[in-house]
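The chain contents come next:
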Amino acid sequence: MSEMTESDLSTDSYKHGSSGEGSFKKRLGIIATCVVGGSLVALYAVTGPFVAPALRKVCLPFVPATGTQLENVFSVLKGRSGSLVDIGSGDGRIVIAAAKRGFKAVGFELNPWLVWYSRYKAWREGVHHTTSFYISDLWKFFRVHQRGHLWGTSNDGAA
């Protein structure tokens, strides 16, 4: 039997490839593909609902209420109590602030991610018993349930 030198062994494994090295690279490639694919799906799932309203016929983007706007709302409501309804409640800032001031507050929002975030935020702030958030498209809701006009639109779809 002839003896093989170290250089012969390295040349031989280079030509044929190491089965252990090849399967490792294959597994690494599959894992990398899964990580990238999963990340893209997660990115789409998180950003899709925020981008989708911009693609609607009537664009209603989410713009969070500022501190000044909150002060203005509650300066108008000073001395009042009872219920508050926020149409297009977004992340629930006004609803949660109203609940902290003793109101029974309800928020309606088209974006389900913002509704879920609002519910979580209300729970975190400790006002989840006096707040409610609903996923609702009020353009459809009011056309079905009311007669007359809402912000210049009529039930029959004519402006």
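In this text the structure is predicted, and so the values were computed from the model without any measurement. (Residues numbered from 1 in each chain as written. Predicted model: local features only at pLDDT ≥ 70, side-chain atom pairs only at ≥ 80, totals over all residues. Heavy atoms only, no water.)

### As for the sheet that holds strand 1 (residues 83-87)
Going by this rule: Between any two strands, pairing holds if DSSP finds at least two bridges. In this text, helices come from DSSP runs of H or I with a minimum length of four residues, and strands from runs of E with a minimum of two, each type numbered from the N-terminal end. Simply put, an axis is a line fit to the C-alpha atoms, just over the touching stretch for a helix, and the angle between two N-to-C directions goes from 0 to 180 degrees. Here, two residues are considered to be in contact whenever any of their heavy atoms come within 4.5 Å of each other.
Reading across the sheet, the three strands line up as 1-2-3 and stay open at both edges, with parallel pairing between neighbours. Strands at the two margins of the open sheet, each flanked by one partner only, are strand 1 and strand 3 (131-135). Sheet twist, expressed as the mean angle between neighbouring strand axes with direction ignored, is 15°. Sheet strands in contact with helix 4 (residues 93-100) are strand 1, strand 2 (104-109) and strand 3, and its direction is about 175° off that of strand 2. Contacting strand 2 and strand 3, helix 5 (residues 112-125) runs over the sheet at an angle of about 165° to strand 3.

### Overview of the pattern of salt bridges
Quick reminder of the rule: Only one rule defines a salt bridge in this text: a Lys or Arg side-chain nitrogen within 4 Å of an Asp or Glu carboxyl oxygen. Note on exposure labels: buried denotes an accessible area under 20% of the residue type's maximum, exposed denotes more than 50%, and partly exposed covers the range between, all computed with a 1.4 Å probe on protein chains only.
Taken as a whole, this structure holds three salt bridges when the rule is applied. One salt bridge in this structure joins aspartate 91 and arginine 93, with 2.7 Å as the shortest N-O distance. A residue is classified by how much of its surface remains accessible, and aspartate 91, at 7% relative accessible area, is buried. Note that aspartate 91 is salt-bridged to lysine 121, the shortest N-O span being 4.0 Å.

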